[in-house]
Amino acid sequence: MSSLEAYVMRIKPAIDDFVKQPSKTTLAKVEQEVKGFDFGQSRIFQVQIVVPLVIKLDELVGESQELRTSLLNCLRYVISQLCLTDEKGLRSILVVALQQLRDSKGATMRPNLSEEIKLAAVLCMTEALRRSASDVLEIFYTKETTMVIGQILLTLVEIITDEKYRKLVIASLDCLMVLFYVHDEAEATDVVLRNQVANTIFIFLPKVVTVLFKVSKADDKMGESIKSMAIKALGRITCIMFEETTNEFCTARYDVNAFQSLFSSASVEKSNDINIFGSKRHSLEQNEERLKQLQANLRSAQWIAATSQHMSPIFVETTILRAHDSIKVRQAYAEICCLLLRNCAHNLKHNFIHLLESVLALSTDEDESIAQLCQATLSHLQQQPSCSGIFDENAELLLDAHLHKWPRILRRCDDSEQFAELLFFKGLLRNLSPERLQLLLLVPKNLELFVMCLLSALDQRISRDLLNEEYSLREIVAGNTRDLAAQLDKLPWRQFKYLSSKRCINVLYDIAELLGAEPSINHLIFDFCHELIEQHSPAMNECVLLLTLMVTPQQKIARGSRLVLAEQFMEHLLADEHWQLALQPDAAWRLKVDKPTSWFKDHTPGLYSSALEVRTQDCDSDDECEPINSRVSISDAQFNVLHTCLVLDALGHCAKFIGDTFDRHIFRSLHRVLLKLASSNTIVHQAAKFAFVSMQLALKYAQPSHFIECSTDYITFHLNTLLKRSPESSAAVDILAVVLQYSTRGNVPHLDSIFQTICDECTKLHQTDNVHSYLRVFNAFLTHVASWQNNTAQEIGDIQMQVDEEQDILSSWLNVLNKPLLDVPVDLESAPIEEIDVNMPETENEDPSTMTEDPSKPVLPRHIEMTKQILGQVIKFLTNTEQAQQILALDCLATGVPLLADYENELLPLVHLVWLPLVEKFRQKDSLVLSRCFCLLHVLGLHAKDFILKRSLSDVIPQLKQFLKAASLHSSTEKSLAPTQEYKLQLKLLQHLAPFIRSLQIDGKHLHDLLTIAALYLSQGQPKEMQDLAVQVFLNLFTYNGPFVYVTLLQRAHLKDYKTNVNEVLRIIGLSLAAPVDVNLD
């Protein structure tokens, strides 16, 4: 069917029916016929289709919103197939669509409109403007249509501001850009039309820009699509209003003086804009007069200058968008900054610096497309003759302005502000020539300001966690060295005071890396920071961190100059002043109880004597014996801990950066790192472990033990030196404790003489201050020997299994060879009997004198002799009053006693000596000590059994029963959120009670008493964890003494709280309680 026939036969009747009877049914018929019509072939019928629909839409104002919405959508589809060539038609469509939303009489939005009709009207207006030819738009954008355009703009602005429907807001933003002729399909080269649009709508710019600015800065709940569109609209509308299209501006782009004036006039020039903008304070007549002046003068130079100045707050506030999390938002912001910088630099001279700063910052964005866009814009600017020295000539101005406002931004702790400013610094340093930056920093004032701003950004946070300590011997973390290094790379001691986000910290690291890449710059900053460290400046910790970041980057760029600085840095780091700091606060700073003062009349006979008495009583003895300046306060100790961690941090990174040539520093550094590894401070130990693993990886050792073994000579030299120089110092024994942890049995003989020296020193009375260190060494040695013994036993077992298998194979072959054959006669005398005798075990051929020793003088192995000597020393410290020393002594005994299990003549006298102090410890109330005491008692029960049975029943078992009985009352009534030490001790006793009873073979009344007390924990009033352990106790002991277990359970079976757990135990062991039987006596 031809287009004529389609229109005459189908479309026109459908439209006529809808005009006569407007309804959803007749409109649906129109939509169906219109969608199949070819508008391209029959343009003559376009008017006949559009005009009736527009007229009917105008008539339906105030009717059904659903019908009007469908009609607007139908009209939009028809318009999308056309090219509007009549300005009157465009104006009619816009007015009619606008009337669906806005009351023409009251100039306000119609009430109770649905979101659907608003969306349909906005989309219809957008499509009408989009499908209009350029000559139609030139006629449309005149003074006569200003009122219509203004009404459309106000409607769109209200929708953008008030509506929550995102699709409607996005459509309104799109319509706004189409109305300003800045949408994606607009011809950017049509300068005449763009200029005409700007001259027509510029009077509405303040309202539009304000709304778009608020949307772009709104909360992220609005969505990144709306924010990015608002930013795009803000930039493009600003560009069309301020773009430089005249010959005067085109020549100014190549004028150096005109370009330099952008920096000078921005802060000096103040335009007289009193007659440019209206105000609510003025009368209506005054504002109308100003409006007429603006329409007459259009966009004058005075208006452009005043408006640019008034928009400065907008450009300043939007700089925060360069730190937005969304790539889409940052992309939109980067595009508008580059657009305005290319096309509006001179008209926006008051905001040129802000735009340039944002482009500089975004040139280092993590997104590659954003960075490339900004870098291309900067390259384009520098290629112009007037902008060739844009950074070098104005670096001091830009740096000075930002360095002065950086402290305020930093202390506000706003992550987005900090990130935006750090991005600017990074972009400026990357685009600024090194020569210019060097000239700038050669001025002492500039260098000090620049470095101090960097140090303030690196400012470290001091917290109470820095003084956390752990008194027990730490275990070595086994596993792959690379994985361990990856865990340690978290660097938990780096806690920034003002920077909270990872992205800000990463940008700060990049800035330090950029400064370290240029030899002319890094030497200036290195010398300045080193001087601050030597002067013991309060910022010395930050100086160490800054030098670490500069000298040892992850990417080894400019390695030659950095290696020189790394060697110098190592010399400074290994100075004694960094390694001899007090890591604990002095006892004088602990809280003391106030001393009471007597004010009775009898004690104050006279004014002078009473004053002397009061002064004497108020005077503290600590003030007399020690000057206050020599004390170490809590804040001093925290500062020292942080400094030690940062020095170890720097040492580890220098080792990684230097590589295998770091071996020249091992002699001076390894023993210092080992000493810090032995520190009881948790964070210092972690930093030292990081340094140690970094040194190991730098020197390419597979395991820490290999590193220690190859450095044994260095360690031995320093240990002997420390012991000879200051025998009372604990440094040597602390180092030895760590060396024992990392050592294998191959390099322990080298330390035998040193260990003997420590044992001798421990026996001296004046060494009471170092007891804790000695006990840590003893514990480390015993743990090391126990580990070595277990490994050796496993190796021997594996070898014995292999020997047994080989022996079985040999016996099988011998049996086969010795078996007589029936077919072939064999001379039995020629059988390989002699070979069998040769391969027999050689024990028969050995000298019996070498296999037996004199029983009166047994020769003990060296490690057994040392263990015996250590345990003899440790027993003396069981009676010490300090908790940490008691715990270490008990740990040493629990580790050392199993080593003497095969040497009963040495074990039993030692058990006899241990017993009385151990019994005294059981009478204490300290849960931590009691826990270790029970562990030691369990060990003694396994290896001394009958020797301590009677003593245990009379001395220890009553104490255990008393504690478990009293503690069961507490655990059933107290509901603590965190487990107490008493709770943990209860769990430990219940967990090991059954093995303890089995090891000592406890029976009779004592067994019955222990089972009765253990049954208390079967109550459902006890914590669930204790109930489960009590159930396991009875299950374990059922095979040991079933009748006692059954009788004990039977006593509690009828109680309500115990019934569940008792039945559970009986069910598992295969027993059950008989049901009660009613006896009928009749």
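## A short note on the overall build of the protein chain
Across its full length, the protein chain carries 51 helices and 2 strands. The 1082 residues of the protein chain split such that 49% are buried. Counting contacts in the protein chain only where the partners sit at least 6 residues apart, residues at least 24 apart contribute 76% of the total. Of the roughly 54700 Å² that the protein chain leaves accessible, carbon and sulfur atoms contribute 53%.

## Some remarks on the nonpolar core
Formed by 324 residues in total, the largest nonpolar core has its most connected members in Leu-674 and Ile-1002. Considering each element in turn, this core owes the most residues, 12 residues, to helix α32 (residues 634-658). Residues in contact with Leu-674, not counting those within four places in the same chain, are Phe-692, Ile-708, Ile-715, Ile-735, Val-738 and Val-739.

## Brief notes about helix α10 (residues 191-201)
For α10, the complete set of buried residues consists of Leu-193, Arg-194, Val-197, Ala-198, Asn-199, Thr-200 and Ile-201. In this structure, the buried side of α10 is in contact with α7 (134-140), α8 (146-162), α9 (166-179), α11 (205-216) and α12 (224-242).

## Section: the packing of helix α33 (residues 666-677) against helix α37 (residues 731-742)
The N-to-C vectors of α33 and α37 enclose an angle of 90 degrees; their axes lie 8 Å apart at closest approach. One element, α33, and the other, α37, form an angle in the roughly perpendicular class. Taken together, the residues of α37 that come into contact with α33 (itself represented by His-671, Leu-674, Leu-675 and Leu-677) are Ala-731, Asp-734, Ile-735, Val-738, Val-739 and Tyr-742. Of the residues that constitute the contact of α33 with α37, the class distribution is 8 nonpolar, 1 polar and 1 charged.

## Brief notes about the packing of aromatic side chains
One pass over the structure, following the stated rule, counts 13 aromatic pairs. Between Trp-406 and Phe-425 the ring centres are 6.1 Å apart and the planes differ by 90 degrees, which places this aromatic pair in the edge-to-face class. Taken as a pair, Trp-406 in helix α21 (residues 390-412) and Phe-425 in helix α22 (residues 415-431) lie far apart in primary sequence, 19 residues in all. According to the relative accessible area criterion, Trp-406 is buried, its value standing at 1%. Among the residues examined, Phe-425 registers a relative accessible area of 7% and is labelled buried. Seen from their ring centres, Phe-496 and Tyr-509 are 6.4 Å apart, and the 55 degrees between their planes marks the pair as tilted.

## Focus on a negative patch on the surface
A surface patch of negative charge is lined by Asp-527, Glu-531, Glu-534 and Glu-577. Relative to the helices and strands, Glu-531 is located in helix α27 (residues 519-534). A residue is classified by how much of its surface remains accessible, and Glu-531, at 43% relative accessible area, is partly exposed.

## Some points on the state of the cysteines
Under the definition given, this model contains 0 disulfides. Free of any disulfide, Cys-935 has its nearest neighbouring cysteine sulfur in Cys-933, separated by 9.2 Å.

## Some details on helix α29 (residues 559-573)
An α-helix turns once per 3.6 residues; consequently, residues spaced three or four apart project the same way. Here α29 spans 20 Å end to end across 15 residues, near enough to the 21 Å set by a 1.5 Å rise per residue. Inspection of α29 places Ser-561, Arg-562, Leu-565, Ala-566, Phe-569, Met-570 and Leu-573 among the buried residues, and these make up the whole buried set. Buried positions along α29 lie against α26 (502-517), α27, α28 (540-551) and α32.

## Here we look at the layout of surface pockets
Here the second largest pocket is characterised by a volume of approximately 1200 Å³. What lines the second largest pocket is a set of 37 residues, and nearest its centre among them are Lys-502, Asn-506, Tyr-509, Asp-510 and Gln-554. Among the secondary structure elements, those contributing two or more residues to the lining of the second largest pocket are α22, α26, α28 and α32. The dominant element in the lining of the second largest pocket, judged by the number of residues it contributes, is α26, at 8 residues.

## Examining the packing of α8 against α11
One can describe the packing of α8 onto α11 by two numbers: an axis separation of 10 Å at closest approach and a directional angle of 15 degrees. Here α11 runs roughly parallel to α8, going by the angle between their axes. The crossing of α8 and α11 is left-handed. Residues Leu-153, Val-157, Ile-160 and Thr-161 of α8 form the contact with α11, whose own contacting residues are Lys-207, Val-208, Val-211 and Val-215.

## Topic: a nonpolar patch on the surface
Residues Val-47, Val-51 and Ile-55 make up a contiguous nonpolar surface patch of about 240 Å² in total accessible area. For Val-47, the location among the structural elements is in helix α3 (residues 46-59).

## Points about the environment of Tyr-498
Its location among the elements puts Tyr-498 in the loop between α25 (481-488) and α26. On the basis of relative accessibility, which here comes to 14%, the residue Tyr-498 falls in the buried class. The spatial distance from the C-alpha of Tyr-498 to the C-alpha of Cys-413 is 5.8 Å, given a sequence separation of 85 residues. With sequence-adjacent residues up to four places away left out, Tyr-498 is seen in contact with Leu-410, Arg-411, Cys-413, Gln-418, Ser-456 and Asp-459.

## Some remarks on the pattern of salt bridges
This model, assessed by the stated rule, comprises 27 salt bridges. Salt bridges sharing partners connect three or more residues here, namely Arg-130, Asp-174 and Glu-185.

## A closer look at empty space enclosed by the protein
To find leftover empty space, one rolls a probe the size of a water molecule over the atoms. All told, the structure shown has 6 cavities of 30 Å³ or more when counted by the stated rule. Lining the largest cavity we find 15 residues, and of these Leu-234, Phe-315, Thr-318, Ile-336 and Leu-340 sit closest to its centre. If you tally residues by element for the lining of the largest cavity, the top one is helix α18 (residues 327-343), at 4 residues. In terms of residue class, the lining of the largest cavity is made up of 9 nonpolar, 6 polar and no charged.

## A short note on the confidence of the model for the protein chain
For the protein chain, the average pLDDT comes to 77, and 75% of its residues sit at 70 or higher. The least confident element of the protein chain is helix α40 (residues 833-838), whose mean pLDDT is 41; the most confident is α28, at 93. Every residue in residues 591-605 scores below 50 in pLDDT, and together they form 16 contacts with partners more than four places removed in sequence or on other chains. Confidence drops under a pLDDT of 50 for residues 607-628, and excluding neighbours within four residues, the segment shows 20 contacts in the predicted structure.

## Some details on the environment of Ile-327
For Ile-327, the position within the fold is in helix α18. Along the sequence, Ile-327 and Ile-370 sit 43 residues apart, while their C-alpha atoms lie 8.6 Å from each other. Excluding residues within four positions of it along the chain, Ile-327 makes contact with Asp-367 and Ile-370.

## Quick notes on unusual backbone geometry
In this structure, Tyr-181 takes a positive phi of about 60 degrees despite not being glycine. Looking at the secondary structure, you find Tyr-181 in the loop between α9 and α10.

Each value, and the rule that gives it
Residues numbered from 1 in each chain as written. Predicted model: local features only at pLDDT ≥ 70, side-chain atom pairs only at ≥ 80, totals over all residues. Heavy atoms only, no water. Helix = DSSP H or I, 4+ residues; strand = E, 2+ residues; numbered from the N terminus. Buried < 20%, exposed > 50% of the residue type's maximum accessible area, 1.4 Å probe, protein only. Contact = heavy atoms within 4.5 Å. Areas by Shrake-Rupley, 256 points an atom, 1.4 Å probe, with all protein chains shown as cover. Core = buried A, V, L, I, M, F, W, Y, C linked by side-chain atoms within 4.5 Å. Axes fitted to C-alpha atoms, helices over the stretch in contact; angles between N-to-C directions. Parallel < 35°, antiparallel > 145°, perpendicular 65-115°, else oblique. Nonpolar A, V, L, I, M, F, W, Y, C, P; charged D, E, K, R; others polar. Phe/Tyr/Trp six-rings, centres within 6.5 Å; stacked < 30°, edge-to-face > 60°. Patch = residues over 30% accessible without salt bridge, like charges linked within 9 Å, V, L, I, M, F, W, Y side chains within 5 Å. Salt bridge = Lys/Arg side-chain N within 4 Å of Asp/Glu carboxyl O. Lys, Arg positive; Asp, Glu negative; His and termini not counted. Charge placed at Lys NZ, Arg CZ, Asp CG, Glu CD. Disulfide = S-S within 2.5 Å. Expected span 1.5 Å × (residues − 1). 1 Å grid on protein atoms, 1.4 Å probe; cavity = no way out; pocket = protein on both sides within 12 Å on 5 of 7 lines; lining within 4 Å. Points joined across faces, edges and corners; volume = space filled by probe spheres on them. Left-handed = near helix turned anticlockwise from the far one by under 90°. pLDDT = per-residue confidence, 0-100.

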